[in-house]
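# Understanding the architecture of this molecule
Next come the chains, spelled out residue by residue.
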Amino acid sequence: MTQKVQVAVIGGGIVGCSVLYGLAKRGWTDAVLLERRQLTSGSTWHAAGNTTYFGPYAAMTRLFTSSIETYLEAEAATGQSVGFHETGSLRLATSEAELNAYSALKPLYQDLGIPYHVIDPDAVKSIYPLLSTNGIFGAAHTPTDGHVDASGATHALAKAARQLGAQIQTNTPVTAIEKAPTGWRVSLGSETLVAEHVVLAASFWTRELVAQIGLNLPLYALQHHEVITGPVSELANLDTELPTLRDPSAPANIRQERDGFLCGVYEQGPKFWATDGIPENFKEELLPAELDRLMPELSRVIERIPAFGEAGIKTVNNGPICYTPDGLPLLGPVEGHEGLWLASGFTVGIGTGGGAGQFLAHWMVDGAPSYDLPAVHPSRFSNNLGKEDVLASIKATYERGYKLG
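Residues numbered from 1 in each chain as written. Predicted model: local features only at pLDDT ≥ 70, side-chain atom pairs only at ≥ 80, totals over all residues. Heavy atoms only, no water.

## Notes on the layout of surface pockets
To find leftover empty space, one rolls a probe the size of a water molecule over the atoms. This is how the line gets drawn: The way it works is a 1 Å grid over only the protein atoms, where trapped points that fit a 1.4 Å probe form a cavity and open points with protein on both sides within 12 Å along at least five of seven lines form a pocket, and then any residue with an atom within 4 Å of a point lines it. Grid points are joined across faces, edges and corners, and a volume is the space filled by probe spheres set on the points. Numbering of helices and strands runs from the N terminus, with a helix taken as a DSSP run of H or I at least four residues long and a strand as a DSSP run of E at least two residues long. Residues are grouped as follows: nonpolar covers Ala, Val, Leu, Ile, Met, Phe, Trp, Tyr, Cys and Pro; charged covers Asp, Glu, Lys and Arg; every other residue, Gly included, is treated as polar.
In this model, the second largest pocket occupies a volume close to 410 Å³. What lines the second largest pocket is a set of 22 residues, and nearest its centre among them are A47, A48, D149, R255 and E257. Among the secondary structure elements, those contributing two or more residues to the lining of the second largest pocket are α6 (150-163), β12 (220-229) and β14 (252-257). If you tally residues by element for the lining of the second largest pocket, the top one is β14, at 3 residues. A breakdown of the residues in the lining of the second largest pocket according to their chemical character gives 8 nonpolar, 8 polar and 6 charged.

## Quick notes on the environment of A250
Our working definition: Each residue gets one of three labels from its accessible area relative to the maximum for its type: buried under 20%, exposed over 50%, partly exposed in between, using a 1.4 Å probe on protein chains only. Contacts are residue-level and defined by heavy atoms, with any inter-residue pair within 4.5 Å sufficient.
Summarising the element assignment, A250 is placed in the loop between β13 (244-247) and β14. Judged by its relative accessible area of 0%, A250 is buried. If we skip the residues at most four places from it in the chain, A250 touches E297, R300 and V301.

## As for the pairing of strand β19 (residues 340-344)
Look at any regular strand and the pattern is simple: side chains alternate between the two faces of the sheet. Defined as follows: Strand pairing requires that DSSP identify at least two bridges connecting the strands.
Counting buried positions along β19 yields 5 of 5 residues, so the element is predominantly enclosed. The alternating pattern of β19 places L340, L342 and S344 on one face and W341 and A343 on the opposite face, and all of these are buried. Sheet topology places strand β11 (residues 191-200) next to β19; 3 bridges connect them, and they run parallel. Note on β19: the bridge partner recorded for L200 is L342. The pairing of strand β18 (residues 330-333) with β19 spans 4 bridges and is antiparallel. Its bridge partner being in β19, L331 is matched across the sheet by A343. Connecting β18 to the next strand, β19, in antiparallel fashion are 6 residues, including G336 with a positive phi near 80°.

## A few points about the nonpolar core
Rules: Nonpolar cores are built from buried Ala, Val, Leu, Ile, Met, Phe, Trp, Tyr and Cys residues. Side-chain atoms within 4.5 Å join them into one set.
In terms of nonpolar packing, the biggest core is built from 48 residues, with V9, V199, L331 and A343 touching the most fellow members. Contributing elements (two or more residues each) for this core: β1 (2-10), α1 (14-25), β2 (31-34), α2 (61-78), α6, β19 and α11 (349-366). The leading source of residues in this core is α1, at 8 residues. Residue contacts for V199: discarding those within four places in its chain leaves V7, A8, V9, I10, V19, W341, A343, L360 and M364. Membership of the second largest hydrophobic core comes to 33 residues, among which are L34, A221, I278 and C322.

## Comments concerning the packing of α2 against α11
Two quantities define a packed helix pair, namely the angle between the axes and the distance from one axis to the other. Definition in use: Here the axes come from fitting lines to C-alpha atoms, over the contacting stretch only for helices, and the angles between their N-to-C directions go from 0 to 180 degrees. Angles below 35 degrees are treated as roughly parallel, those above 145 as roughly antiparallel, those between 65 and 115 as roughly perpendicular, and all remaining angles as oblique.
It is at 7 Å that the axes of α2 and α11 come closest, and there the two elements cross at 85°. Put simply, α2 runs roughly perpendicular to α11. Touching L63, F64, S66, S67, T70 and Y71 of α2 are G349, I350, G351, T352, G353, G354, G355, A356, Q358 and F359, all from α11. Within the contact of α2 with α11, the residues separate by chemical class into 6 nonpolar, 10 polar and no charged.

## Quick word on empty space enclosed by the protein
Taken as a whole and judged by the stated rule, the model has 3 cavities of 30 Å³ or more. One number sums up the size of the largest cavity: a volume of about 50 Å³. Among the residues making up the lining of the largest cavity, the classes are represented as 8 nonpolar, 3 polar and no charged.

## A closer look at the packing of α1 against α6
Here is the rule we go by: Each crossing gets its hand from how the near helix is turned against the far one by less than a right angle, where anticlockwise is left-handed and clockwise is right-handed.
Between α1 and α6, the least distance of the axes is 8 Å, while the angle of their chain directions is 25°. When the axes of α1 and α6 are compared, the pair comes out roughly parallel. Between α1 and α6 lies a crossing whose hand is left-handed. Contact with α1, carried on its side by I14, C17, S18, L20, Y21 and A24, involves A150, A153, T154, L157, A158, A160 and A161 of α6 and no other residues of that element. Class assignment of the residues belonging to the contact of α1 with α6 gives a composition of 11 nonpolar, 2 polar and no charged.

Quick look at the structure:
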């Protein structure tokens, strides 16, 4: 049996669900999302859920800001909580150059209507009393961002899309895509679907799907650790939840997780995962933790937040996340393949996924993006990039962490 639809979105993480919702909002309801297992089964299920307004690239700021707006909009439309904690964020300046770079961004945030302040070390200490301000020059403070529950946000988007008439099919693995006379043929085992448009939002699985049609996308998975501490007595004495902290010198992000800390670490010498192909039976799994690799970075986190070191480590999660050579997603049409769109390669899928889905949906429906964002266009990469060069660039990007540039 062959089903015909206007759009097939492949991938049921936060990005795919946002694309589906964005299309349905704009009237493209003859759309189906295809997920090989259950919603959030890819990288979304183990994501920390951080939703900062201040990402590593200024060009991406509008995707960050519209992501929070999109999650809260879906929550209001469906009643499905996205678990938003408006804790705010601090991004430390560990040099005068960083502080000046943060100050230079003030007009951008003013134009977007986003509260944004560059503050001195004393103000940092008053906002984050558990922090040692030794060696910092100040910080960028965005008081109205924070973090969401990644699963809750994904399901809110999915529910909102369904309410508008879009479809979602789980436990539906896509085995192949190929050009058809009227669009794209999508193979679903014993069934076939023909779509005018196909959106590939399958993270690191996207590379393998498009390899079948001669595309060489620079998408590979890196192992990324998150450390969760035991209870921290000092947190119980605070009146409010601490802001998320990003420290370029660690490099790491740290946020409060109930009565402890959750820390995402960007270690030097990261390890890749499955560069020769994703295991066919890989599902909602974590990789073996390698805590020893993280000790140089964790030592710097402890210097910054002494209470972190006193709490003890309760859990270490090591999961694969998708990277491109420059750390920016592939978002937009595939040149020379009419009707084929990419929404893959998100290193901060929760932080930008909501906005990215709306950005792409606008582009698809209106024929042009709502604003110019060439940094994410898939055409910026050649189809002839060598694997070793791609892996070297990804490694360098990951190691840079929260340093600007």
